[in-house]
Amino acid sequence: MGEEEVAMDKQETVKTMPAEEVTAMEARQKSLADLCSMRCALALQSLRKWPWDVYAIRLGAVIAALVVWQLLSANGVKFIIDFRNVPAPLDVGAQLSGLLSSSDYYKHITVSIQRILIAFSLATIFGVIVGVLMGRSRLVRNIIMPYIEIVRPIPAVAWIPMAILMFPTEESSIIFITYLGAFFPIVLNTIHGVDQTDESLVRAARSLGASNRAILWHVILPGALPSILAGLAIGMGVAWFSLLAGEIISGQYGIGYFTWRSYALVEYRNIIIGMLTIGLLGTLSTWLVMRLSRPALRWQEVSH
Amino acid sequence: MFQVTNQARKPTTTAPVLETAEMATTKGHRHVHVDKGHIHIDNISVVFGGNAIAVEDATLEIKPGEFVCLLGPSGCGKSTLMNCVAGFVKPSQGEVSIDRVAVKGPGQDRGMVFQQHSLFPWKTVEHNVAFGPRMAGCSREEASSIARTLLGMVGLGPYAKRYPATLSGGMKQRVGIARALANYPKVLLMDEPFGALDAQTRHMMQESLLDIWDEFGITVIFVTHDIDEAIFLADRVVVMSASPGRLIADIRVELARPRPPEIIADERFVETKRRCMELIRQESLRAFELKGEV
Ligand SMILES: Nc1ncnc2c1ncn2[C@@H]1O[C@H](COP(=O)(O)OP(=O)(O)O)[C@@H](O)[C@H]1O
Ligand SMILES: [Mg+2]
């Protein structure tokens, strides 16, 4: 959803930017992180008091769009967009109900989810470790920052040729591309979170006899957690986006592969289904990350 | 209010603070405390960034169990001096020692209470207080029972499972005090701990602190810029002047203990305060003139 688009937009624009604007980009990344934790809070509120009128309006808006689309496609309108090539919603729906009863469609989804899980887990582990190291050590930060600034703006699609050459199997290439997408938002948010460490808490811990390791575990990581979790939610969105690019090279399965193949096979209805599936999975998994991280942030609530 | 109990137990064998028998006899009699927490601040200076002198030639001896207030205007170097005792700031010259052992860094023998409470927001009240004992190697159960004892003493037993964000400012500071005491330190260092509280809460906290101090027989350095607070609490008020930070007066407060809150309206209190202010004025002028000559 939103996060992916913004993050995507950033990846696209950064490469043409002069160095000093990269810092501005980082500021944006931060506000993005704040936005994301704000969303967590908002989602929580909206669950408590379900605003039925709001959802009625939203549902109405979607239905209205479907009706207009149906009319445009059914009549083969050609005005800027060539609706003769855009399958009508009812056709797509019919096709979908066929797919839902075939095991193939689920196989594509499962394979993609597997890739996301592996890539996202790796990105979380390395992203948090690298982020903490960079956040706590000037030296490490200065060593690694140039790599991040050079590599981060490279879009996932541009990695495809090198990924194929670098990795033994196409599966590992796809996972690598997906991993890269998730890695950067997680690293940057972790650095941001660690930067915000309250030094008076570090002092308090030290005067209570805490070792460096205990301080990392009891002060720095918990303090960075809100930012890290926001990074995970953003990273999950970007992971799906990158996965779609990576699955161009897949020879057999994956929802991205399904979408590309449908284009090659002139199965236009399946393109729409593939796109919507990716959108839905991306939104769902981002929501899931936020949902799962909520208990870890309970201490932020003033009343409970 | 604080419930003064004798339940407190030391977490390790190395921190002999509470001698129950002695407590019983010293209760109500001040100045007869366990012989630990003897502070020597020996001729220390702190220079920041090559030229900014925050503390100059400070020398101070604090006897075990003494309550000393460090009084001075904002920015005069009170926190810096305190941080030398805490071990967070290394003096550019001179040395601080506790019981004749030089301070090399922060340690569990010195508990700290900060102005901004500095509780770990992601830990419950109980886990905040249990943190010190855990770091000292106590088991989860031991640490938890120490925490409960101390929370009981500061009257926060029922709040053990709450997160700090849900507490009032005064309650947070009481947790801060309980946390600092949980390692049964020899010295309690408090940097304007009640500065952010409203007057009413502050007065309650001052009284409670004296009860706690009486209970623990601990040496206290208490930083403040409030002269009433300093006189109400202290055995000695040590006055600091700004730029460079110098100790300019060391005033013994002869008011009997226990001191009821009304004492601030008592003529002896007012007389002490008048004497303090006169001395501070004289010494400040003298310090100012001295600086003018150099
Ligand atoms: N880490 C530091 N680096 C540079 N200057 C400092 C540092 N800490 C304190 N100072 C300066 O030292 C002086 C004394 O500060 P401080 O001890 O905090 O005063 P107080 O606690 O009495 O308000 C101030 O002028 C302050 O700006
Ligand atoms: Mg200060």
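As shown above, the structure is provided for reference.
The text that follows walks through the structure, step by step, so that each part is easy to find. This one's a predicted model, so the numbers in the text were calculated from it and none came from an experiment.

Analysis parameters
- Numbering of residues starts from 1 in every chain and runs along the sequence as written.
- Here every chain gets a letter starting at A, and every ligand a number starting at 1, in the order they are written.
- Given that this is a predicted model, residues contribute local features only at a pLDDT of at least 70 and side-chain atom pairs are listed and counted only at 80 or more, while totals for whole chains, interfaces and linings are drawn from all residues.
- To get the side-chain values, take all heavy atoms of the structure and skip hydrogens and water.
- Labels follow the DSSP assignment, with helices taken as runs of H or I lasting at least four residues and strands as runs of E lasting at least two, numbered in each case from the N terminus.
- Burial classification: accessible surface area is computed with a 1.4 Å probe over protein chains only, and a residue below 20% of its type maximum counts as buried, one above 50% as exposed, and the rest as partly exposed.
- In what follows, residue pairs with any heavy atoms lying within 4.5 Å of each other are defined as contacts.
- What sets the accessible areas is the Shrake-Rupley method with a 1.4 Å probe; for residues, cover comes only from the shown protein chains.
- Think of it this way: one heavy atom of a residue within 4 Å of a molecule or strand is enough to make that residue near it.
- Contacts described as polar in this section are N or O atom pairs within 3.5 Å, which, within protein, must combine one atom able to donate a hydrogen with one able to accept it, while residues neighboring in sequence count only if both atoms come from side chains.
- Basically, the charged four are Asp, Glu, Lys and Arg, the nonpolar ten are Ala, Val, Leu, Ile, Met, Phe, Trp, Tyr, Cys and Pro, and anything else, Gly included, counts as polar.
- Strand pairing is assigned whenever DSSP detects at least two bridges linking the two strands.
- Angular values range over 0 to 180 degrees, each being the angle between N-to-C directions of two axes fitted as lines to C-alpha atoms, with helices fitted over their stretch in contact.
- Buried area: the sum, over both parts, of the accessible surface (1.4 Å probe) that disappears when the two are put together.
- For salt bridges, the criterion is a side-chain nitrogen of Lys or Arg within 4 Å of an Asp or Glu carboxyl oxygen.
- Patch membership requires more than 30% relative accessible area and the absence of a salt bridge. Residues of like charge join within 9 Å; the nonpolar side chains Val, Leu, Ile, Met, Phe, Trp and Tyr join within 5 Å.
- When an angle is under 35 degrees it counts as roughly parallel; over 145 it counts as roughly antiparallel; between 65 and 115 it counts as roughly perpendicular; any other value is oblique.
- Crossing handedness is read from the near helix: turned anticlockwise from the far helix by less than a right angle, it gives a left-handed crossing, and turned clockwise, a right-handed one.
- Pairs of cysteine sulfur atoms within 2.5 Å are what we label disulfides.
- Side-chain rings of Phe, Tyr and Trp, where Trp is taken by its six-membered ring, are said to pair if the distance between their centres is within 6.5 Å; with planes under 30 degrees apart they count as stacked, over 60 as edge-to-face, and otherwise as tilted.
- Placement of a positive charge over a ring is assigned whenever Lys NZ or Arg CZ falls within 6 Å of the ring centre and within 35 degrees of the normal to the ring plane.

Next up on the list: the overall build of chain A. Looking only at helices and strands, chain A has 12 helices and two strands in total. When the elements of chain A are put in sequence order from the N terminus, they spell out α-α-α-β-β-α-α-α-α-α-α-α-α-α. Each of the 304 residues in chain A was classed as buried or not, and the buried ones make up 44%. Considering only intrachain contacts with a sequence separation of at least 6, the fraction spanning at least 24 residues in chain A is 72%. A total of about 16100 Å² of accessible surface is found on chain A, and carbon and sulfur atoms cover 68% of it.

Further remarks concern the site of ligand 1. Residues and elements named next belong to chain B. F48, A54, P73, S74, G75, C76, G77, K78, S79 and T80 make up every residue found near ligand 1. Between an oxygen atom of ligand 1 and a main-chain N or O atom of C76, the distance comes to 3.2 Å. G77 is positioned such that a nitrogen or oxygen atom in its backbone is 3.1 Å from an oxygen atom of ligand 1. Tallied by class, the residues present in the shell around ligand 1 amount to four nonpolar, five polar and one charged.

Before going further, it helps to spend a moment on the sheet that holds strand β1 (residues 39-48) of chain B. Residue and element names in this part refer to chain B. The strand order across the open sheet formed by four strands is β2-β1-β4-β5, and the pairing between neighbours is antiparallel. The strands lining the two open edges of the sheet, one partner per strand, are β2 (52-62) and β5 (101-102). Set on the sheet, helix α2 (residues 78-86) makes contact with β1, β2 and β4 (93-98); between it and β1 the angle comes to about 120 degrees.

The partner chain A presents 20 residues to the 22 residues of chain B that form the contact. Interface area, chain B with chain A, both sides summed: about 2000 Å², of which 70% is carbon and sulfur. Our count for the chain B to chain A interface comes out at zero salt bridges. Viewed at the interface, chain A and chain B are joined by five residue pairs in polar contact (both at pLDDT 80 or more). For the side of chain B that touches chain A, the elements supplying multiple residues, two or more each, are β6 (110-113) and α3 (125-135) of chain B. The class makeup of the residues in the side of chain B that touches chain A is 12 nonpolar, seven polar and three charged.

Now for the environment of H225 of chain B. Residue and element names in this part refer to chain B. By secondary structure assignment, the location of H225 is in the loop between β8 (219-224) and α7 (227-233). Each C-alpha atom, one on H225 and one on L71, is 5.2 Å from the other, the two residues being 154 residues apart in sequence. The residues contacting H225, other than those within four sequence positions of it, are L71, G72, S74 and E192. Polar contacts involving the side chain of H225 include one to the side chain of E192, which spans 3.1 Å.

Below, the discussion takes up a nonpolar patch on the surface. On the surface, a cluster of nonpolar side chains totalling about 520 Å² of accessible area is made up of I118, L122, I125, F126, I129 and L133 of chain A. Examined against the element boundaries, I129 of chain A turns out to sit in helix α5 (residues 103-136).

Right, let's talk about the packing of α3 of chain B against helix α4 (residues 140-153) of chain B for a bit. All names here are of chain B. The interhelical angle for the contact between α3 and α4, taken along N-to-C directions, is 120 degrees, at an axis separation of 8 Å. Comparing their axes, α4 and α3 come out oblique. Crossing hand, α3 versus α4: right-handed. Counting all contacts with α3, which are made through V125, E126, V129, A130, P133 and R134, the residues of α4 involved are R140, A143, S144, I146, A147, R148, L150 and L151. The class makeup of the residues in the contact of α3 with α4 is nine nonpolar, one polar and four charged.

For the rest of this paragraph, the subject is the environment of F241 of chain A. For F241 of chain A, the position within the fold is in helix α10 (residues 212-246). Taking the C-alpha atoms as reference points, F241 of chain A and P168 of chain A, separated by 73 residues in sequence, lie 23 Å from one another.

Residues and elements named next belong to chain B. Counted according to the given criterion, the structure contains 19 salt bridges over all chains. One salt bridge in this structure joins D266 and R268, with 3.3 Å as the shortest N-O distance. Here the salt bridges share partners, and the residues they tie into one network are E66, R236, D250 and R252.

Moving on, we get to the pairing of β1 of chain B. Residues and elements named next belong to chain B. Pairing analysis gives seven bridges linking β1 to β2, with the strands arranged antiparallel. Bridging from a neighbouring strand, V46 pairs with V55 of β2. Here β1 hands over to β2 after three residues, with G49 in that stretch at a positive phi of 55 degrees. Alignment of β1 against β4, held across five bridges, turns out to be antiparallel. Within β4, the position partnered with D42 by the bridge is E95.

Attention shifts here to the packing of α5 of chain A against helix α11 (residues 255-264) of chain A. Residues and elements named next belong to chain A. Relative to each other, α5 and α11 sit at 130 degrees, their axes nearing to 7 Å. As summarised for this structure, α5 and α11 are arranged oblique, according to the angle between their axes. On α11, the residues touching Y105, H108, I109 and S112 of α5 are I255, G256, Y257, F258 and R261. Counted by class, the contact of α5 with α11 contains five nonpolar, three polar and one charged residues.

For the structure on display, the rule yields zero disulfides over all chains. Lacking any disulfide linkage, C84 of chain B is separated from the closest cysteine sulfur, that of C76 of chain B, by 13 Å.

On to the sheet that holds strand β7 (residues 187-191) of chain B, then. Residues and elements named next belong to chain B. Reading across from one edge, β6-β7-β8-β3-β9-β10 is the order of the six strands in this open sheet, with mixed pairing throughout. The outermost strands of the open sheet, each flanked by one partner alone, are β6 and β10 (246-252). Averaged over all neighbouring strand pairs, the angle between strand axes comes to 20 degrees, with direction disregarded. Each of β6 and β7 is contacted by helix α5 (residues 169-181), which is oriented at about 170 degrees to β6, the strand it contacts most.

Moving on: the packing of aromatic side chains. Between two aromatic rings, the relevant description is the distance of the centres plus the angle of the planes. Residue and element names in this part refer to chain A. The final tally for this structure, using the stated rule, is 13 aromatic pairs over all chains. With 5.4 Å between their ring centres and 75 degrees between their planes, F183 and F184 make a pair best called edge-to-face. Exposure class is identical for F183 and F184. Each is buried. Each residue in the set F126, Y179, F183 and F184 is aromatic and connected to the rest through ring pairs, giving one cluster. In this arrangement the basic side chain of R58 is found over the ring face of Y55, its NZ or CZ atom lying 5.4 Å from the centre. The ring centre of Y253 lies 5.1 Å from the NZ or CZ of K107, which sits over that ring.

Scope: geometric values only; no functional claims are made or implied.
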